[in-house]
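# Residue-level structure breakdown
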Amino acid sequence: MQNKSIIVALDTTNLGDTKLLLDQLDPAKCMVKVGSVLFNAEGRAALDLAANAGFEIFFDIKFHDIPNTVEQSIRSFKGYPIQLLTTHISGGKSMLKAALEAAHVIDAKCIGVSVLTSMSSEEMHAIYQQDTQTLVTRMFELAEHVGLDGVVCSPHELVTANTMLAQALKITPGIRNHTNPSDDQTRTMSAHEAIALGADYLVIGRPITAAPNIAEAFAEIYTSIHG
């Protein structure tokens with residue numbers, strides 16, 4: 001098992017708070033996620049900060065636009081230590097192919113987002129008129145057809161992902177070792193359970209970053225995976 005299976009979500013809104021988080025993490029033991037919250041607040045300076053601190057980056061922007069726009073946008077990030085970047089599978093075959101090609105140009109892997117882990121079954125049916133399993137299966141079929149490097153999926157879809165996308169990376173958010181009734185993630189699982197079901201990477205935010213002691217919270221989850 002790889003040592004950097006944890007991706008810590010840097011969902012901060014300024015570089016000062018981001019640096020405080022990075023100072024308590026070990027780039028030899030985790031990657032970090034730069035997503036829309038931090039990137040919209042601080043732009044490429046956030047990528048520079050993480051890169052200069054020695055971290056590999058999961059760039060979770062979820063590119064979703066016409067194919068040419070997605071391709072040119074991704075290519076503009078060449079030179080950053082972006083290992084993984086995301087795009088919405090719902091953008092369709094042409095967009096996904098453009099994203100995949102551009103990602104490889106900048107030496108990154110292209111990861112397709114299936115269904116957000118915050119969505120309940122009722123919400124998915126209201127929007128897509130499909131149950132969760134049917135919708136996820138169709139998205140995985142498209143990801144496999146295009147040849148995406150991996151998918152982001154709920155831990156509860158890992159069994160399906162392993163069956164349909166055996167060689168692809170599986171990146172799993174919604175990791176919660178302890179329950180919280182006010183949480184907006186509805187389809188969750190513990191870190192140990194998700195790794196046992198075949199997740200390659202776990203995206204973990206608040207259980208680490210909102211903990212009273214960030215280093216201890218990270219160590220607890222890391223130990224639950226690696227022993």
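Summary of the structure given here. (Residues numbered from 1 in each chain as written. Predicted model: local features only at pLDDT ≥ 70, side-chain atom pairs only at ≥ 80, totals over all residues. Heavy atoms only, no water.)

Turning to helix 4 (residues 67-75), a few remarks are in order. When helix 4 is considered as a whole, its buried residues turn out to be Val-70, Glu-71 and Ile-74. End-on, the buried residues of helix 4 take up no more than an arc of 100 degrees, which puts them together on one face. (Buried < 20%, exposed > 50% of the residue type's maximum accessible area, 1.4 Å probe, protein only. Helix = DSSP H or I, 4+ residues; strand = E, 2+ residues; numbered from the N terminus. Arc of directions from axis to C-beta.)

Before going further, it helps to spend a moment on the nonpolar core. Membership of the largest hydrophobic core comes to 63 residues, with the highest contact counts inside it found for Ile-6, Phe-59, Phe-77, Leu-85 and Leu-202. Each residue touching Leu-85, except ones within four places of it in the same chain, is listed here: Phe-59, Phe-63, Ile-74, Ala-103, Ile-106, Ala-108, Lys-109, Cys-110 and Ile-111. Core analysis: the next-biggest nonpolar cluster, separate from the first, contains 12 residues, Phe-58, Ile-111, Val-152 and Ile-171 among them. (Core = buried A, V, L, I, M, F, W, Y, C linked by side-chain atoms within 4.5 Å. Contact = heavy atoms within 4.5 Å.)

This paragraph deals with the packing of helix 5 (residues 93-105) against helix 7 (residues 132-146). Any two packed helices are characterised by the angle at which their axes cross and by the distance between the axes. Where helix 5 meets helix 7, the axes come as close as 10 Å, and the angle between the chain directions of the two elements is 50 degrees. By the angle between their axes, helix 5 is oblique relative to helix 7. When the axes of helix 5 and helix 7 are compared, the crossing they make is right-handed. Contacts from Lys-93, Leu-96, Lys-97 and Leu-100 in helix 5 reach Leu-142, His-145 and Val-146 in helix 7. (Axes fitted to C-alpha atoms, helices over the stretch in contact; angles between N-to-C directions. Parallel < 35°, antiparallel > 145°, perpendicular 65-115°, else oblique. Left-handed = near helix turned anticlockwise from the far one by under 90°.)

Aromatic ring pairs are defined here through the distance separating the ring centres and the angle between the ring planes. Throughout the structure, instances matching the rule amount to six aromatic pairs. A ring pair is formed by Phe-59 and Phe-77, whose centres lie 4.8 Å apart and whose planes are at 65 degrees; its orientation type is edge-to-face. With Phe-59 in strand 3 (residues 57-63) and Phe-77 in the loop between helix 4 and strand 4 (82-88), this residue pair connects regions lying 18 residues apart in the sequence. Each of the two residues, Phe-59 as well as Phe-77, counts as buried. A connected cluster of aromatic rings, assembled from ring pairs, spans Phe-39, Phe-59, Phe-63, Phe-77 and Tyr-80. Positioned above the aromatic ring of Tyr-222 is the side chain of Lys-29, whose terminal nitrogen or guanidinium carbon lies 5.1 Å from the ring centre. (Phe/Tyr/Trp six-rings, centres within 6.5 Å; stacked < 30°, edge-to-face > 60°. Lys NZ or Arg CZ within 6 Å of the ring centre and 35° of its normal.)

This brings us to unusual backbone geometry. Phi at Lys-62 is positive, roughly 60 degrees, even though this residue is not glycine. For Lys-62, a relative accessible area of 24% puts it in the partly exposed group. A positive phi angle is found at Asp-107, which is not glycine, with a value near 65 degrees. By secondary structure assignment, the location of Asp-107 is in the loop between helix 5 and strand 5 (109-113).

Attention now goes to the pairing of strand 1 (residues 6-9). Burial along strand 1 is two-sided: Ile-6 and Val-8 facing one way and Ile-7 and Ala-9 facing the other are all buried. Judged from the four bridges that link them, strand 1 and strand 2 (residues 30-35) form a sheet pairing that is parallel. Bridge pairing in strand 2 places Ile-7 opposite Met-31. Each parallel crossover has a hand, and the one from strand 1 via helix 1 (residues 15-22) to strand 2 is right-handed. Sheet topology places strand 1 next to strand 8 (residues 201-204); three bridges connect them, and they run parallel. Opposite Ile-6, over in strand 8, you have Leu-202 as the bridge partner. (Pairing = 2+ DSSP bridges. Right-handed = clockwise from strand over helix to strand, strands pointing away.)

For the rest of this paragraph, the subject is the environment of Ala-194. Residue placement: Ala-194 occurs in helix 9 (residues 191-196). Separated by 23 residues in the primary sequence, Ala-194 and Ala-217 have C-alpha atoms spaced 18 Å apart.

Close contact between helix 4 and helix 5 brings their axes to 8 Å; oriented N to C, the two are set at 15 degrees. With respect to helix 5, the axis of helix 4 lies roughly parallel. Helix 4 and helix 5 meet at a crossing whose hand is right-handed. Between helix 4 and helix 5, the residues in contact are Pro-67, Val-70, Glu-71, Ile-74 and Arg-75 and Ser-94, Met-95, Ala-98, Ala-99, Glu-101, Ala-102, Ala-103 and Val-105, respectively. Residue composition of the contact of helix 4 with helix 5, grouped by class: nine nonpolar, one polar and three charged. (Nonpolar A, V, L, I, M, F, W, Y, C, P; charged D, E, K, R; others polar.)

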